[in-house]
Amino acid sequence: MQAQELYTLPEGTVTRWTSFENPTGKKGAGGTENEGAKGHAFENVKAGETITLLDMEGAGIIKRIWLTIIDRSPEMLRSMRIDMYWDGAEKPAVSAPLGDFFGIGLGRRVAFESALFTDPEGKSFNSYVPMPFKKGARITVTNESDTDLRMFFYDINLVKVDQHEEDILYFHAYWSRDLKTELRKDFEILPRIEGSGRFLGTNIGVLTNPAYRNSLWGEGEIKMYINDDGKYPTLIGTGTEDYIGTGWGQGTFDYDYQGSPIANPEEGAFAFYRYHIPDPVYFRNDIRVTLQQIGGAPTDTVRAFDKEGAPLIPISTDNDSGFVRLLEMSPVPNLHDPGFPMGWTNFYRRDDVSSTAYFYLSKPTTNLPALAPVEKRTAKLKEEEK
């Protein structure tokens, strides 16, 4: 925000809030219950029920969303679904599990702060992502669990404007999960979408496969295919922990544009984010974003994994002689051959990976797949909390 925005009064702009105390956001319509005292701070959301948080006509910009609930278990946070619709579209631009949408993967809450999402004490949800709309906005939350949810609090803070420029971009979010990624196949953070816009960033959750014990899982590189890229991408990094600004493994930290609020090697649980705000990722025709599924360990350790039946494919070895690209060799050396190059061996692996991709697009809807069913979203999460 520029300092000038703090002391100017823009023409044609009014401030509105919606909450259960004023669900329509209309002028002079807040706090009408209980004779003006605190009368409607929260609602209970029954199993299978959908509640509306915002339904407003006209042009505006959502500036902030805050909410909190009592049951913040991973199973409930993955069972609650948040949907956002722009300009009367029938298909949502945002459809994601409630917990993952607000900045951390795995449906878990810990205290953290970033430029777009915050959770001051690990028990609330804040979004500061600007979300413009031209003709109207609607936000709903659905309880897809088998349990009634008690005490859902929220407020949405926005400004209404007379009109927007024609070329504004609409906010979108896409969530996906692969319970057991495929060898040699990159995980798709964002399937290919057409249009122009800006990739805002992602949060990613990884539950590591116990077959690899506590070996490093994050050797995979982020790839971004933009503007008609073919087999190979234009944008690519050097490793998963490198992508979020750290290196040589991954601990816990949280900053404005990158962080890893959850990093538990003993449990095999990692949740991290990267937001491309100072380093924008623009696209004009299309974009696709993936993450390689690659881990690494000393060669003898990788051999032990292989003997134990862990699914893996060696791809490279790093030692004092340099970087050996195994897949370029003919024939590709056998992992257990005495002549196999020893050192640090990277290998394709299979883990449980999920992500929320955030992006702006020139249109209010996409043809992305619908949100996965609740059974897939919550698989194993309940067991891991015990």
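Predicted model only: the values in this text are computed from it and were never measured.

**Topic: the overall build of the protein**
Argument step 1. A count of helical and extended segments in the protein gives six helices and 27 strands.
Argument step 2. For the protein, the C-alpha radius of gyration of 23 Å lies close to 21 Å, the compact-globule estimate for 386 residues.
Argument step 3. On the principal axes, the C-alpha backbone points of the protein span a range of 80 × 45 × 35 Å.
Argument step 4. Looking at the protein as a whole, 52% of its 386 residues are labelled buried.
Argument step 5. Long-range pairs, those at least 24 residues apart, make up 76% of the contacts in the protein with a sequence separation of at least 6.
Argument step 6. By element, 48% of the accessible surface of the protein is carried by carbon and sulfur atoms, the whole surface being about 18,500 Å².
Argument step 7. Placing the 42 positive and 56 negative side-chain charges of the protein at their respective mean positions leaves the two points 3 Å apart.

**Quick word on unusual backbone geometry**
The phi torsion of most residues other than glycine is negative, and most of the peptide bonds are trans.
Argument step 1. In this chain, serine 330 is followed by proline 331 through a cis amide linkage whose omega measures -5 degrees.
Argument step 2. Locating proline 331 in the fold gives a position in the loop between strand E25 (322-325) and strand E26 (344-348).
Argument step 3. Although it is not a glycine, leucine 106 adopts a positive phi angle of roughly 70 degrees.
Argument step 4. Turning to its location among the elements, leucine 106 is positioned in the loop between helix H2 (98-101) and strand E7 (112-113).
Argument step 5. The phi torsion at aspartate 228 lies on the positive side, around 70 degrees, for a residue other than glycine.
Argument step 6. Relative to the helices and strands, aspartate 228 resides in the loop between strand E16 (222-226) and strand E17 (235-236).
Argument step 7. Aspartate 228 gets classed as exposed once you look at its relative accessible area, which sits at 54%.

**Here's the deal with the sheet that holds strand E24 (residues 313-319)**
Argument step 1. What the four strands build is an open sheet, ordered E23-E26-E24-E25; its pairing is antiparallel. At either end of the open sheet lies a strand with only one pairing partner, and these are strand E23 (294-298) and E25. Taken pair by pair, the neighbouring strands of this sheet meet at an average axis angle of 25 degrees, ignoring direction.
Argument step 2. Contacts from helix H4 (residues 299-307) reach E23, E24 and E26, with the element oriented near 115 degrees to E23.

**Structural notes on the nonpolar core**
Argument step 1. Within the largest apolar cluster, 55 residues are counted, with the highest numbers of intra-cluster contacts made by Ile62, Phe101, Phe152 and Phe171.
Argument step 2. Counting 28 residues, the second largest nonpolar core, distinct from the first, contains Phe199, Ile222, Ile244 and Ala263.

**Observations regarding the side chain of glutamine 293**
Argument step 1. Its place among the elements puts glutamine 293 in the loop between strand E22 (286-291) and E23.
Argument step 2. Residue classification places glutamine 293 among the buried positions, given a relative accessible area of 5%.
Argument step 3. Within polar-contact distance, the side chain of glutamine 293 engages the backbone oxygen of leucine 291 at 3.0 Å.
Argument step 4. The residues contacting glutamine 293, other than those within four sequence positions of it, are Thr181, Lys185, Phe187, Phe347, Tyr348, Arg349 and Val353.

**Considering the sheet that holds E17**
Strand pairing in a sheet relies on backbone hydrogen bonds. The paired strands run either parallel or antiparallel.
Argument step 1. Reading across from one edge, E14-E22-E16-E17 is the order of the four strands in this open sheet, with antiparallel pairing throughout. Two strands bound the open sheet, and with one partner strand each, they are strand E14 (187-194) and E17.
Argument step 2. Bridging between E16 and E17 involves two bridges; their strand directions are antiparallel. Its bridge partner lying in E17, lysine 223 is registered against isoleucine 236.

Cut-offs and rules
Residues numbered from 1 in each chain as written. Predicted model: local features only at pLDDT ≥ 70, side-chain atom pairs only at ≥ 80, totals over all residues. Heavy atoms only, no water. Helix = DSSP H or I, 4+ residues; strand = E, 2+ residues; numbered from the N terminus. Rg over C-alpha atoms; globule rule 2.2 N^0.38 Å. Buried < 20%, exposed > 50% of the residue type's maximum accessible area, 1.4 Å probe, protein only. Contact = heavy atoms within 4.5 Å. Areas by Shrake-Rupley, 256 points an atom, 1.4 Å probe, with all protein chains shown as cover. Lys, Arg positive; Asp, Glu negative; His and termini not counted. Charge placed at Lys NZ, Arg CZ, Asp CG, Glu CD. Pairing = 2+ DSSP bridges. Axes fitted to C-alpha atoms, helices over the stretch in contact; angles between N-to-C directions. Core = buried A, V, L, I, M, F, W, Y, C linked by side-chain atoms within 4.5 Å. Polar contact = N/O pair within 3.5 Å; in protein donor to acceptor, adjacent residues only side chain to side chain.

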